Structures are given as C-alpha cells and as structure tokens.
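Each chain, letter by letter, is given below.
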Amino acid sequence: MSNKPKIVAVSGGLYKPSRTRVLVDEIVASLGQQVQFDLHVIELADIAAELGSVVNPADLPPHIAAHIRAIENADFLVVGSPVYRATFTGLFKHLFDFVHHEALIDVPVLFAATGGSERHALVIDHQFRPLFSFFQALTLPIGVYASEADFSNYRVSSELLKARIELATRRALPFIQKRQAIGDAETRAAA
C-alpha cells in the first residue's frame, strides 16, 4: 500500500489577494500534474494577527499549532514569501521560529518569492537558503522568483515564469518520489 506524500505549502503574503499565494498555488498545481499528494496550505494572511502576538510555543492557538505540526511532518515543502526590505516577511520567519530545529532534516524545500522588480531575485539564495540550511533541510537548487510584471490581475501571465515553474517542479519530482519511497518502506517495516 502506497502512502501519498505530505506536501505543505506556505504563503508568506500578508494581504489578500496575494501574488505570492498565486505563485505558490501555481507551483503546487504543477506538482499535482506529476504526482498525487496530500496538501496542507498555510496562508499567513489568515493567521498573521494571532501568530504575531505569540512568543511562547505553549501559547500557540490550536489551529496554528496544527500548522506547525504539519510543517514538521511534511515530506516536501513549498515555501514562498513576498520580499520586504530584502528578505522574507517577518511573520514568515516567526512561523518557522516555532518549528523544531531537527524536524526538517533532509526534507526537500522548493523556494518561491515575489517582489516588485527583478532586483530582489537573489532573496532565494541569500535569505531562504541560510534559514533552511539551519534546519538541515534539503534546499532544492532551483527556486522560483516572480516580479510584479509576471502577473496580470493576480494571475501568472509570463510564459517565462510558467516555464520556470515547470522546470522547478520537474526537478523536484525525484525528491518527492524518494521521500515517498522512504515513507512506504517505513510503513511496511511497521506493519
């Protein structure tokens, strides 16, 4: 019996509608064309006020604690944030401050970021990678950056961005399949 991999998608946008959410959704949809999975979506815009007021993990509201558990138990992460002052949002980082420091060891992570222009594209390499390297996660070599010009009415309109999404998800597939195989082996061993 095969278990579907658990994919968690985090959108660090603080407003609705959100180009970051659109980008994360496009990445997840592209993955869905290649593999079946169980999906858990975390949209920071929905939990921002509550999350921002908590500093002690014991004080997390149950639904936010459930999001943290989903991240910690994920087989694969898609994480995205808009760029604010050359980095991901503060609440995006705050969310991951509650994740156990050993929970993401070897978990593949596909990065996504949005910004006003191309000048922010290095945020993936200079901000996302160091954070997830701390967790010892497996940071995938291809991230997806999108600027405001890549969208029309909160839809991906750039063919180059669509191609980048397709390339990133195609390259991510072997990592998802490997995690699924590990999970299947663990399930068989436990039976």
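Thresholds, definitions, all that
- Residues numbered from 1 in each chain as written.
- Predicted model: local features only at pLDDT ≥ 70, side-chain atom pairs only at ≥ 80, totals over all residues.
- Heavy atoms only, no water.
- Helix = DSSP H or I, 4+ residues; strand = E, 2+ residues; numbered from the N terminus.
- Rg over C-alpha atoms; globule rule 2.2 N^0.38 Å.
- Contact = heavy atoms within 4.5 Å.
- Areas by Shrake-Rupley, 256 points an atom, 1.4 Å probe, with all protein chains shown as cover.
- Lys, Arg positive; Asp, Glu negative; His and termini not counted.
- Charge placed at Lys NZ, Arg CZ, Asp CG, Glu CD.
- Core = buried A, V, L, I, M, F, W, Y, C linked by side-chain atoms within 4.5 Å.
- Buried < 20%, exposed > 50% of the residue type's maximum accessible area, 1.4 Å probe, protein only.
- Salt bridge = Lys/Arg side-chain N within 4 Å of Asp/Glu carboxyl O.
- Pairing = 2+ DSSP bridges.
- Right-handed = clockwise from strand over helix to strand, strands pointing away.

Q: Kindly report on the overall build of the protein, identifying the contributing residues and their values.
A: Helix and strand counts for the protein stand at 6 helices and 8 strands. Ordering the α and β elements of the protein from the N terminus gives β-α-β-α-α-β-α-β-α-β-β-β-β-α. Over its C-alpha atoms the protein spans a radius of gyration of 16 Å, differing by no more than 12% from the 16 Å that the globule rule assigns to 191 residues. Each of the three principal axes of the protein carries a C-alpha extent, and together these read 50 × 40 × 25 Å. Put simply, 79% of the contacts in the protein that link residues at least 6 apart link residues at least 24 apart. For the protein, the exposed area adds up to about 9700 Å²; of that, 52% sits on carbon and sulfur atoms. Computed over 18 positive and 20 negative side-chain charges, the separation of the two mean positions in the protein equals 4 Å.

Q: Report on the nonpolar core, specifying residues and quantitative values.
A: Counting residues in hydrophobic clusters, the biggest one holds 39 residues, and the most contacted among them are Phe 96 and Phe 132. Secondary structure elements with two or more residues in this core: strand 1 (6–11), helix 2 (44–52), helix 3 (62–72), strand 3 (76–82), helix 4 (90–97), strand 4 (108–115) and helix 5 (123–134). Leaving out residues up to four positions away in the same chain, Phe 132 has contacts with Leu 77, Val 79, Phe 92, Phe 96, Leu 104, Val 109, Phe 111, Ala 137 and Thr 139. Membership of the second largest hydrophobic core comes to 26 residues, among which are Val 24, Val 144, Ala 172 and Leu 173.

Q: Give a detailed account of the pattern of salt bridges, specifying residues and quantitative values.
A: Evaluated as defined, the whole model comprises 9 salt bridges. For Lys 6, the salt bridge goes to Asp 75, with nearest N and O atoms at 4.0 Å. Here the residue Lys 6 occupies a position in strand 1, and Asp 75 occupies one in the loop between helix 3 and strand 3, the gap between them amounting to 69 residues. Its relative accessible area of 39% is what places Lys 6 among the partly exposed residues. Take Asp 75: its relative accessible area is 14%, and that puts it in the buried class. A salt bridge links Arg 21 to Glu 43; the nearest nitrogen and oxygen atoms lie 2.5 Å apart. In this pair, Arg 21 is assigned in helix 1 (residues 19–32) and Glu 43 in strand 2 (residues 38–43), connecting sequence segments 22 residues apart. Residues joined in a network through salt bridges with shared partners are Arg 21, Asp 25 and Glu 43.

Q: Provide a residue-level description of the pairing of strand 1, including the pertinent values.
A: Counting buried positions along strand 1 gives 5 out of 6 residues, so the element sits mostly inside the fold. In terms of strand pairing, strand 1 meets strand 2 through 6 bridges, oriented parallel. Bridging from a neighbouring strand, Lys 6 pairs with Asp 38 of strand 2. As for the winding sense of the linkage, the β-α-β connection from strand 1 through helix 1 to strand 2 is right-handed. As judged from the 5 bridges shared by strand 1 and strand 3, these two strands associate in the parallel manner.

Q: An account of the pairing of strand 6 (residues 144–147) is requested, with residue identities and associated values reported.
A: Covered by surrounding structure in strand 6 are Val 144 and Ala 146 together with Tyr 145 and Ser 147, the residues of both alternating faces. Examined bridge by bridge, strand 4 and strand 6 share 4 bridges and lie parallel to one another. Considered in strand 6, the bridge of Gly 115 is made with Ser 147.

Everything listed is a geometric property; what it means functionally is a separate question.
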